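Survey of secondary and tertiary structure
Each chain is listed here by its residues.
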Amino acid sequence: MCDQADTKNLSVGAWTKRCYFAGRALMDERLRPFDLGSTQWYVLWYLVNNGPSVQRDLGRALELERATLSGIIATLVRKDLVAQTSDGGDQRQRLLTLTAAGEALWRRIPDLSFIHDAAFGRIDEADLATTIRVLKSATERLQTLLRKD
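Throughout what follows, the structure given in this document is the object of discussion. (Residues numbered from 1 in each chain as written. Predicted model: local features only at pLDDT ≥ 70, side-chain atom pairs only at ≥ 80, totals over all residues. Heavy atoms only, no water.)

1. Structural notes on the nonpolar core
Looking at soluble globular proteins, one finds that nonpolar side chains tend to be buried together. In this structure, Leu36, Val43, Leu44 and Leu76 are the most contacted members of the largest nonpolar core, which totals 22 residues. Those elements that provide at least two residues to this core are helix H2 (12–31), helix H3 (38–50), helix H5 (66–78) and strand E3 (90–98). Residue contributions to this core peak at 5 residues, all from H3. Counting the residues that make up this core, at least three belong to each of domain 1 (1–34) and domain 2 (36–110). Discounting residues that sit within four places of it in the chain, Leu76 has contacts with Leu36, Gln40, Val43, Leu44, Leu81 and Val82. (Core = buried A, V, L, I, M, F, W, Y, C linked by side-chain atoms within 4.5 Å. Buried < 20%, exposed > 50% of the residue type's maximum accessible area, 1.4 Å probe, protein only. Helix = DSSP H or I, 4+ residues; strand = E, 2+ residues; numbered from the N terminus. Domains from an automatic or database assignment. Contact = heavy atoms within 4.5 Å.)

2. Points about the side chain of Thr39
Position of Thr39 among the secondary structure elements: in helix H3. Residues within four places of Thr39 in sequence aside, it is in contact with Arg24, Leu64 and Ile72.

3. Considerations on the pattern of salt bridges
Once the charged atoms of two side chains with opposite charge are near each other, the side chains can pair. Applying the stated criterion across every chain, the model contains 5 salt bridges. Among the salt bridges present, the one from Arg60 reaches Asp57, with a minimum N-O distance of 3.9 Å. A residue pair is termed a helical-turn pair when its members lie 3 or 4 positions apart in one helix, as Arg60 and Asp57 do in helix H4 (residues 55–62) at 3 residues. Classification of Arg60 by relative accessible area gives exposed; the value is 59%. In this structure Asp57 comes out as partly exposed when scored by relative accessible area, which is 30%. Each member of the salt-bridge network shares a partner with another, and the members are Arg56, Asp57 and Arg60. (Salt bridge = Lys/Arg side-chain N within 4 Å of Asp/Glu carboxyl O.)

4. As for the packing of aromatic side chains
A full pass over the atoms with the stated rule returns 4 aromatic pairs. Ring geometry for Trp41 and Trp45: centres 6.5 Å apart, planes at 25°, overall stacked. Within this pair, Trp41 and its partner Trp45 are both found in helix H3, separated by 4 residues, close to a single helical turn. Taking relative accessible area as the criterion, Trp45 reaches 35% and is therefore assigned partly exposed. The structure contains a cluster of three or more aromatic residues connected by ring pairs, namely Trp41, Tyr42, Trp45 and Trp106. (Phe/Tyr/Trp six-rings, centres within 6.5 Å; stacked < 30°, edge-to-face > 60°.)

5. Considerations on unusual backbone geometry
Even without glycine at this site, Glu63 takes up a positive phi of about 55°. Along the chain, Glu63 falls in the loop between H4 and H5. Unusually for a residue other than glycine, Asp80 sits at a positive phi of about 60°. Since its relative accessible area comes to 44%, Asp80 is described here as partly exposed.

Here it is as C-alpha cells:
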C-alpha cells in the first residue's frame with residue numbers, strides 16, 4: 001500500500017488500476033453472499049441483457065481469454081446458473097443460456113450501479129468525457145501495438 005506522499009506521484013495508469021481494483025473489491029464484497037465472483041456476475045449480466053449467446057461471442061464481448069471463460073462457464077454450469085448446449089449446425093460451438101435458477105439468482109442480486117455512482121457521481125461530465133477519451137485513445141494505441149507483434 002502506498003502512503004499519502006507516494007500517491008501524488010502515481011501515473012494515470014496506476015490510478016486507473018487502483019480505481020478498477022477498488023471497484024472490483026467492492027463488487028466482490030457485495031457478491032460474496034451469493035457465491036459469485038465479479039467475472040461470473042459479468043457473464044450472468046451479459047446473458048440477462050443479451051439473451052442466449054454462443055460462448056465464443058461472449059468471450060469476445062467480455063474480452064476474456066478462452067481458457068478463462070471456459071473455467072467460469074464450467075463453474076456456472078456446475079452451479080446450475082447457466083446451461084451449455086450445442087449450437088445447432090456447428091457442434092463445436094456452445095450456446096449459453098441462463099437457467100431458471102440463474103434467473104432467480106439474478107433477481108436476488110443487489111443492483112451494483114451504486115459502485116459507478118459512488119466513484120463518478122459527483123464528477124463533472126466534461127471531466128468524465130475527457131477521461132474516457134484519453135483512456136480510450138491509450139487503449140486503442142496499445143491494442144494496435146499488440147496486433148503488430
